[in-house]
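Coordinate analysis (summary)
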Amino acid sequence: MDNTPTNAHRRKLLAGVATAAAAVPLVAGLAACQGSGEQETKAGASGAAGAARPGAKNAILTARRKLGPLEVSSVGLGVQNMSRTYQTTIPSRSEMHRIIRTAFDRGLTFYDAAEAYGPHEVERILGEGVAPFRNEIVIATKFGWNIDLETGARGPGLNSRPDHVKRVVEGMLKRLRTDRIDLLYQHRVDPQVPIEDVAGAIQDLMTQGKVLHWGLSEMGPQTLRRAHAALPVTAVQNEYSMLWRGPEQDILPLCEELGIGFVPWSPLGVGFLTGAIDENTRFAAGDIRGIETRFSPENLPRNLSLVRLIETWAERKHTTPARIALAWLMAQKPWIVPIPGTTQMAHMLDNIGAADVGFDDGELQELNAALAKVTIQGERLPPAVLAFSGVEAPVK
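I will try to describe carefully the structure that is included in this document. (Residues numbered from 1 in each chain as written. Predicted model: local features only at pLDDT ≥ 70, side-chain atom pairs only at ≥ 80, totals over all residues. Heavy atoms only, no water.)

Here's the deal with the overall build of the protein
The condition that has to hold: Put simply, DSSP marks the helices as runs of H or I at least four residues long and the strands as runs of E at least two long, and each gets a number from the N terminus on. Here's how the labels work: a residue is buried when its accessible area is under 20% of the maximum for its type, exposed when over 50%, partly exposed in between, all with a 1.4 Å probe on protein chains only. The method behind every accessible area is Shrake-Rupley, applied with a 1.4 Å probe, and residues are considered shielded solely by the protein chains displayed.
Counting its secondary structure elements, the protein contains 13 helices and 11 strands. Counting every position in the protein, which comprises 396 residues, the buried fraction comes to 60%. Summed over all atoms, the accessible surface of the protein reaches about 14600 Å², with 52% contributed by carbon and sulfur.

Structure, rendered in structure tokens:
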């Protein structure tokens, strides 16, 4: 019996809503692939793409938010998996271009990539896709892994040496077919390079007009404070969702104190919060979710109580679980902008509709109280990958 996840469960939920509404290279690769990709629900199994709920095709994303001084659409698009899905399949390049362009037609202006995605290939796909409207959008990408500038081959560990960062950006500009990067993140903190040195390199790139804003991802709180003192930080990108709420402890309060925007990666819990994964799910070889203990056969059934809660709210609000999960994030702070990723048109259209879902004060209090009763079993990442998060840069 094939127990790999398909889109069937999500199609069922969408249909129900319609009725209700009327440190080695391997380690670096695993960590780098933890980003914006989300809703790839076919873990090695065959099946048709999920259908969008009625009305989704007409959804227009008009709401805007500020990440520090940078204005973007209230929902972004993560393009991480557009060169290779979690299940290691290769999506149609032309279809990825179509999703990128349809997102823009529907009002989305915020696209997220990284040097490490591919490596290099996702930036090429994004650059090709946005070429007709490049000057009307915000492109975010990331540096920091030890990746060969020419071949894209992964070396061990990280590399944020200033000279290397500047050369990385030159390659990014070519792949993205642009003359500037709107928002450039350090993907992970390099424990060998003071963050002040990194900020100095970014400042040089800003002076040259090649980078407009900068940010950090998965850094330690003191490193964020030091980085912001050296060169004002526009945004932080960390994992954050109903499934993983770690940033609430120290990073979100620090962002609020410093006036820094926050961009949750994996806002749909790598597809878990959409209802696409159940207790029988087993992941294909090469799918990182298969080595995350929160999705182990022992922990997965216990963690599904969270999905059931989200599904209840989706029925109550006449919407989809994905939209509930994203709308909840946006309800936390006005400077939070999720970047769900997908390689399926229906899912992208579903996601941008989250901006139309709201909670009044009573509903949000009720939902948060229910979430507080849910305890997630298992770690969010394998230990070797998690070791790259929360790192403090050395003192200069």
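Moving on from the coordinates now.
Some thoughts on the environment of Ile277
Short version of the rule: Contacts between residues were defined by any pair of non-hydrogen atoms, one from each residue, lying within 4.5 Å.
For Ile277, the location among the structural elements is in the loop between β11 (261-265) and α9 (300-316). Among the residues examined, Ile277 registers a relative accessible area of 4% and is labelled buried. Not counting the four nearest positions on each side in its chain, Ile277 is found in contact with Val270, Gly271, Phe272, Phe283, Arg289, Leu300 and Leu304.

Considerations on helix α3 (residues 93-105)
Short version of the rule: Between the first and last residue of a helix there are one fewer steps than residues, each counted as 1.5 Å, and that sum is the expected span.
Here α3 is 13 residues long and its end C-alpha atoms lie 18 Å apart, about the 18 Å a rise of 1.5 Å per residue gives. Of all the residues in α3, the buried ones are Met96, His97, Ile99, Ile100, Thr102, Ala103 and Phe104. The inward-facing, buried residues of α3 contact β3 (77-78), β4 (110-112), α4 (121-130) and α11 (345-352). Positive phi appears at Gly107, one or two residues downstream of α3, with a value of about 105°.

Some remarks on the nonpolar core
One broad rule of soluble globular proteins: the nonpolar side chains tend to lie buried together. Going by this rule: To form a nonpolar core, buried Ala, Val, Leu, Ile, Met, Phe, Trp, Tyr and Cys residues must be joined to one another through side-chain atoms within 4.5 Å.
Within the largest apolar cluster, 96 residues are counted, with the highest numbers of intra-cluster contacts made by Leu77, Ile100, Tyr111, Ile202 and Trp214. Once you skip the residues sitting within four places of it in the chain, Ile100 turns out to touch Leu77, Val79, Met82, Tyr111, Ile125, Leu126, Gly129, Val130 and Phe133. With 12 residues, the next largest nonpolar core counts Leu67, Leu70, Phe110 and Tyr185 among its residues.

Some thoughts on the pairing of strand β1 (residues 64-67)
What counts, and what does not: Two strands are said to pair when DSSP picks up at least two bridges between them.
Side chains Arg65 and Leu67 of β1 all project onto a buried face; the interleaved residues Arg64 and Lys66 project onto a face where none is buried. Between β1 and strand β2 (residues 70-73), which follow one another and run antiparallel, lie 2 residues, and Gly68 among them has a positive phi close to 60°.

Focus: the sheet that holds strand β9 (residues 211-217)
Test applied: Lines are fitted to the C-alpha atoms to define the axes, a helix being fitted only along its stretch in contact, and any angle between axes, read from their N-to-C directions, falls within 0 to 180 degrees.
With parallel pairing, the 7 strands of this open sheet are ordered in space as β3-β4-β5-β8-β9-β10-β11. Because the sheet does not close on itself, it has two edges, and the strands there are β3 and β11. The pairing of β4 with strand β5 (residues 138-143) spans 3 bridges and is parallel. Counted as the bridge partner of Asp112 is Ala140 from β5. The strands touched by helix α6 (residues 195-207) within the sheet are β5, β8 (181-186) and β9, with β9 carrying the most contacts at an inclination of about 155°. Its contacts with the sheet put helix α8 (residues 251-258) on β10 (235-239) and β11, and the angle it makes with β11 is roughly 150°.

Here we look at the packing of aromatic side chains
For clarity, the cut-off: Working definition: rings of Phe, Tyr and Trp (its six-membered ring) pair if their centres are within 6.5 Å, and the pair is stacked with planes under 30 degrees apart, edge-to-face with planes over 60 apart, and tilted otherwise. Any Lys NZ or Arg CZ that is within 6 Å of a ring centre and within 35 degrees of that ring's normal is treated as a charge sitting over the ring.
Considering all chains together, one arrives at 7 aromatic pairs under this definition. A ring pair is formed by Trp313 and Phe359, whose centres lie 6.0 Å apart and whose planes are at 70°; its orientation type is edge-to-face. Taken as a pair, Trp313 in helix α9 and Phe359 in the loop between α11 and α12 (361-372) lie far apart in primary sequence, 46 residues in all. For the pair shown, Trp313 and Phe359 are each scored as buried. Counting every residue linked through ring pairs, the aromatic cluster contains Tyr240, Phe262 and Trp328. Between Arg316 and the ring centre of Trp313, over which it is positioned, the NZ or CZ distance is 4.0 Å.

Details of the environment of Thr62
Along the polypeptide, Thr62 turns up in the loop between α2 (25-32) and β1. The sequence separation of Thr62 and Arg106 amounts to 44 residues, and the corresponding C-alpha distance is 8.3 Å.

Focus on the packing of helix α5 (residues 162-176) against α6
The criterion, for reference: The crossing is said to be left-handed when, going from far helix to near helix, the turn is anticlockwise and less than a right angle, and right-handed when the turn is clockwise.
Their axes nearest at 9 Å, the elements α5 and α6 cross at an angle of 40°. In this structure, the crossing between α5 and α6 has a hand that is right-handed. Judged by residue contacts, Pro162, Val165, Lys166 and Val169 of α5 engage Asp197, Ala201, Ile202, Asp204 and Leu205 from α6.

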